[in-house]
Amino acid sequence: MRDETHLKRRLGPWLMTGYGVGVMVGAGIYVLVGAVAAQAGIWAPLAFVLAGLIAAPSALSYAELSSRIPEAAGEAAFVEEGLRSHALALIVGLGIVVAGTVSAAAVLRGGAGYLTLLVPLPVEGVMIAFGLVLIGVACLGVLESVGLAVALTLVEVVGLALVIWAGLSTDPSPDLTPLPAPHWAGIAAAASLAFFAFIGFEDMVNMSEEMRDPIRDMPRAILAALAITAILYLTVSYAAVRAVPLADLARSEQPLALVWQSAGHGPGILAAIAVAAALNGVLAQVVMAARVLFGLGRRSPALSVFHQAHPRFGTPVLATLLCGMGMIALALAAPVEQLAGITSKVLLGVFLLVNLSLVALKSRSDYAPFKVPMAVPVVGALVAGAALIAALGGFS
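Residues numbered from 1 in each chain as written. Predicted model: local features only at pLDDT ≥ 70, side-chain atom pairs only at ≥ 80, totals over all residues. Heavy atoms only, no water.

Sorry if this is basic, but what is going on with the overall build of the protein here?
Helix and strand counts for the protein stand at 16 helices and 0 strands. Here the C-alpha atoms of the protein give a radius of gyration of 20 Å, agreeing with the 21 Å that 2.2 N^0.38 yields for 396 residues. In terms of overall dimensions, the protein has C-alpha extents of about 65 × 50 × 40 Å along its principal axes. When each of the 396 residues of the protein is scored for burial, the buried share is 55%. In the protein, once contacts between residues fewer than 6 apart in sequence are set aside, the share between residues at least 24 apart is 82%. (Helix = DSSP H or I, 4+ residues; strand = E, 2+ residues; numbered from the N terminus. Rg over C-alpha atoms; globule rule 2.2 N^0.38 Å. Buried < 20%, exposed > 50% of the residue type's maximum accessible area, 1.4 Å probe, protein only. Contact = heavy atoms within 4.5 Å.)

Could you clarify how one ought to interpret the nonpolar core in this entry?
In globular proteins that are soluble, nonpolar side chains generally tend to be buried together. Grouped together as the largest cluster of nonpolar side chains are 125 residues, with contacts concentrated most on Y19 and F48. For this core, the leading source of residues is helix α13 (residues 268-299), giving 19 residues. Setting aside its immediate chain neighbours within four residues, Y19 contacts V146, A149, V150, D203, M204, M207, A284 and M288. (Core = buried A, V, L, I, M, F, W, Y, C linked by side-chain atoms within 4.5 Å.)

Explanation requested: the environment of L249 in the structure shown.
Structurally, L249 is set in helix α11 (residues 246-251). With relative accessibility at 0%, the residue L249 sits in the buried group. Along the backbone, L249 and I273 are 24 residues apart, and their C-alpha atoms lie at a distance of 19 Å. When sequence neighbours within four positions are dropped, the list of residues in contact with L249 reads V33, G34, A37, A240, V241, V244, P255 and L258.

Would you explain the packing of helix α6 (residues 123-140) against α13 in this entry?
When two helices pack together, their arrangement is captured by the angle between the axes and the distance separating the axes. The contact between α6 and α13 brings their axes to 10 Å, and the two run at 50°. In terms of orientation, α6 lies oblique with respect to α13. Judged by the sense of rotation from one axis to the other, the crossing of α6 with α13 is right-handed. Contacts from F130, L134, V137 and A138 of α6 reach α13 at V275, L279, V282, L283, V286, V287 and R291. (Axes fitted to C-alpha atoms, helices over the stretch in contact; angles between N-to-C directions. Parallel < 35°, antiparallel > 145°, perpendicular 65-115°, else oblique. Left-handed = near helix turned anticlockwise from the far one by under 90°.)

I'm lost on the packing of aromatic side chains in this one. Help?
For any two aromatic rings, the description comes down to two numbers: the centre-to-centre distance and the angle of the planes. Across all of its chains, the model carries 7 aromatic pairs by this definition. Centre to centre, the rings of F48 and Y233 are 5.5 Å apart; their planes meet at 55°, and the pair counts as tilted. One end of the pair, F48, is in helix α3 (residues 44-68); the other, Y233, is in helix α10 (residues 214-243), and 185 residues separate them in sequence. On the basis of relative accessibility, which here comes to 2%, the residue F48 falls in the buried class. Aromatic pair Y62 and F351: ring centres 5.8 Å apart, planes at 75°, arrangement edge-to-face. Here the residue Y62 occupies a position in helix α3, and F351 occupies one in helix α15 (residues 337-364), the gap between them amounting to 289 residues. Pair check on accessibility: Y62 and F351 agree, each one buried. (Phe/Tyr/Trp six-rings, centres within 6.5 Å; stacked < 30°, edge-to-face > 60°.)

Quick question: what am I supposed to make of the pattern of salt bridges here?
Where charged atoms from two side chains of opposite charge approach closely, those side chains can pair. In total, this model carries 10 salt bridges according to the counting rule given. Between R251 and D248 there is a salt bridge, and its shortest N-O distance comes to 2.6 Å. Placement of both R251 and D248 in helix α11 is noted, with a separation of 3 residues, approximately one turn of the helix. With its nearest N and O atoms 2.9 Å apart, the salt bridge here joins K362 to D366. Taking the relative accessible area as the measure of exposure, D366 reaches 37% and is therefore partly exposed. Each of E64, R68, K362, D366 and K371 takes part in a single network of salt bridges with overlapping partners. (Salt bridge = Lys/Arg side-chain N within 4 Å of Asp/Glu carboxyl O.)

The following block contains the structure:
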């Protein structure tokens, strides 16, 4: 009889890289470019480059930790092993579960809204239907879930490629001539905003127990996904500021649709791709949150009921159902926006603790299958701490 406390190892490096790109790109790039351009102006691409550099230390820390501790509990396991605090690890794990569920709810609501622009359907019914279908896929199997996520990621990337082509093929915006001098304060503010577009690599480590060789392949997948995403953001943002006047870009809630329309195309195809991006984001977050809850069940007797995998599907069905139904409930109970704002602060706090955990682990033993210099988690902790202080200062 199959051990029901173990997940099925069915994933290789290519699927995990595609999953990571999908989580990071998600639906955010379809609205974030305008907000970044409002701060950085024509230098929005530089803001995305700086944001990628800010995210890189934490991504490298996650890469080493995933080779040291390849567990589904992810951040909770890192914190418990590094800082030797079970209570803090439990808080971190539950925070990740809540953050993933709330993020999925926000994206589900946004995706349903995009679909109702194309087809006149009640938004609540669309959210429930989408949510139930994606919960079913997540329960069916990790290969099916991640396979669908990668397929949707390919749709997203094709959509972004179309945006890049449209932006580069149209006449350049008059804002480009003459090229203004960089406004560094605005670029820095835009980079702190664009940083959140790179959040998602932390979700990947929670899939470690379903990879065939996580110690070797997870670090590679994390870094490959970050590099691919950074290139996409750089080229998309350049195409956007090249094709659309900054004033129009900054005030639009669908900035990439403006880029597409600048080349004389209708907005329908971009709306359809945005729906695919939303579905991808929802599925990835539900799958991730369920794995964290599964991993916490191993470490906490109070949550042990969630440390069970379905004997046939090899997935944590109970954890998936709880996270999925919570997502639907939150999506129906607006406003999700405030909760999503809190999510970003939770993740910055987690990044701070994860980097400190790696500092502690490296001070005790510097051996790891994938190793980064001690300076990497130190810088990662400083960056995450500074960003968290700035974010908390934003409370009104």
